[in-house]
Amino acid sequence: MKRQFAVIGLGRFGGSVCCALIEQGMEVLAIDQDEARVNKYRDLVTHAVVADATDEQALKHLGIRNFEHVIIAIGDNIQASILTTLILDELGVEHITVKAQNDYHEKVLTKIGAERIVHPERDMGVRLAHHLLSKNVLDYLELSDKHSIIEIIASTKMSGKTLMKLDVRAKFGCNVMAIKRGREIIVSPQATQLIKEEDILIVIGADEDIKRFEHEMF
Ligand code: ATP
Ligand code: ATP
Ligand code: CA
């Protein structure tokens, strides 16, 4: 059986979630109170309906409870986003992901038990900043407030040396989880693994350890 998703709010973010889910072969119910927005997605998604997500009866009517996962991508109307989250939670929707507009919004969503909160503008900003600050850093993923994963292009200092010789874990406390080399991916590289120029290293560790690693090796 196909997995069923509902996306509420068809702005750029919600719209792109719909497209990606459909591309992955999922069934998607798209909901927006704005008819023009709904029409824009009508031919793309499985079902598209005009409805106010803060109207509990309307949501019940759509059988929203039966959807495995509901994504709330309501933009600036924080009140509507919070109310919708509460209603879906009360109706017993199993998985709810909500897009937060700001830190205050995120705090409230956490308190009312949203399972997953995304903050795309902020998170993308942080990722871009890391990329801008170090030309070698391609991507950055925050795991907690103290731990991250970075994707970084190996420096000339590193090329031709093994992980053992560089002694990454012992010296810096971070681990190279994988190495991307063109189309190839070396997962869990051994100590004897040689680093080549243009290798992309995927490194996990505490932020301060990663910072030290970046400072001394790049
Ligand atoms: P982006 O910045 O990615 O475009 P956004 O989340 O800021 O996205 P908006 O353009 O604000 O996007 O879109 C949010 C959508 O949510 C709008 O299309 C709006 O009509 C819809 N929306 C707002 N309130 C409700 C509601 N109560 N019920 C259903 N849809 C709603
Ligand atoms: P450790 O002393 O860290 O337990 P180990 O006994 O696992 O090391 P090896 O696997 O032989 O020893 O690795 C020797 C050294 O090479 C490690 O101490 C570490 O600094 C480095 N190293 C090996 N593999 C990695 C990796 N995937 N990421 C980072 N450093 C590595
Ligand atoms: Ca916006």
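Let us look at the structure shown here. Predicted model only: the values in this text are computed from it and were never measured.

A few words on the site of ligand 1. Arg12, Phe13, Asp32, Arg37 and Asp52 are the nearest of the 20 residues found near ligand 1. At 2.6 Å, a side-chain N or O of Arg37 approaches an oxygen atom of ligand 1. Look at ligand 1: alone it shows 640 Å² of surface, and the protein chains cover 85% of it. Looking at the shell around ligand 1 residue by residue, the class counts come to 7 nonpolar, 5 polar and 8 charged.

When two helices pack together, their arrangement is captured by the angle between the axes and the distance separating the axes. Remark: helix H4 (residues 78-90) packs on helix H5 (residues 103-111), axes separated minimally by 10 Å, with the N-to-C direction vectors making an angle of 15°. Of the possible angle classes, the one that applies to H4 and H5 is roughly parallel. By crossing handedness, the relation of H4 to H5 is classed as right-handed. Facing Ile78, Ser81, Ile82 and Thr85 of H4, the residues of H5 in contact are His105, Val108 and Leu109. Of the residues assigned to the contact of H4 with H5, the class counts are 4 nonpolar, 3 polar and no charged.

All right, on to the environment of Gly14 then. Note that Gly14 resides in helix H1 (residues 12-23). Relative accessible area serves as the criterion here: at 0%, Gly14 is assigned to the buried category. Residues Gly14 and Asp139, 125 residues apart in the sequence, show an inter-C-alpha distance of 23 Å. Look past the residues within four positions of Gly14 in its chain and what remains in contact with it is Val7, Gly9 and Ala73.

With respect to the secondary-structure elements, Asn136 resides in the loop between helix H6 (120-133) and strand S7 (137-142). The class for Asn136 is buried, based on a relative accessible area of 13%. A polar side-chain atom of Asn136 sits 2.8 Å from the main-chain carbonyl oxygen of Ile153. Not counting residues up to four positions away in its chain, the partners in contact with Asn136 are Glu151, Ile152, Ile153, Ala154 and Phe218.

The space that makes up the largest pocket amounts to roughly 490 Å³. If you go around the largest pocket, you meet 25 residues; those closest to its centre are Gly11, Arg37, Ala73, Ile74 and Gly75. Looking at the lining of the largest pocket, the elements that each hand over two or more residues are H1 and strand S2 (27-32). No other element matches H1, which puts 3 residues into the lining of the largest pocket. Across the lining of the largest pocket, the residue classes break down as 9 nonpolar, 8 polar and 8 charged. Approximately 300 Å³ is the volume attributed to the second largest pocket.

Throughout the structure, instances matching the rule amount to 8 salt bridges. In this structure, Arg122 engages Glu106 in a salt bridge whose closest nitrogen and oxygen atoms are separated by 3.3 Å. On the criterion of sequence distance, the pair formed by Arg122 in helix H6 and Glu106 in helix H5 is long-range, its members being 16 residues apart. Taking relative accessible area as the criterion, Arg122 reaches 37% and is therefore assigned partly exposed. Connected through shared salt-bridge partners, Asp103, Glu106, Arg122 and Asp123 make up one network.

Conventions used here
- Residues numbered from 1 in each chain as written.
- Chains lettered and ligands numbered in written order.
- Predicted model: local features only at pLDDT ≥ 70, side-chain atom pairs only at ≥ 80, totals over all residues.
- Heavy atoms only, no water.
- Near = heavy atom within 4 Å.
- Polar contact = N/O pair within 3.5 Å; in protein donor to acceptor, adjacent residues only side chain to side chain.
- Areas by Shrake-Rupley, 256 points an atom, 1.4 Å probe, with all protein chains shown as cover.
- Nonpolar A, V, L, I, M, F, W, Y, C, P; charged D, E, K, R; others polar.
- Axes fitted to C-alpha atoms, helices over the stretch in contact; angles between N-to-C directions.
- Helix = DSSP H or I, 4+ residues; strand = E, 2+ residues; numbered from the N terminus.
- Parallel < 35°, antiparallel > 145°, perpendicular 65-115°, else oblique.
- Left-handed = near helix turned anticlockwise from the far one by under 90°.
- Contact = heavy atoms within 4.5 Å.
- Buried < 20%, exposed > 50% of the residue type's maximum accessible area, 1.4 Å probe, protein only.
- 1 Å grid on protein atoms, 1.4 Å probe; cavity = no way out; pocket = protein on both sides within 12 Å on 5 of 7 lines; lining within 4 Å.
- Points joined across faces, edges and corners; volume = space filled by probe spheres on them.
- Salt bridge = Lys/Arg side-chain N within 4 Å of Asp/Glu carboxyl O.

By themselves, these are just geometric observations and shouldn't be taken as functional.
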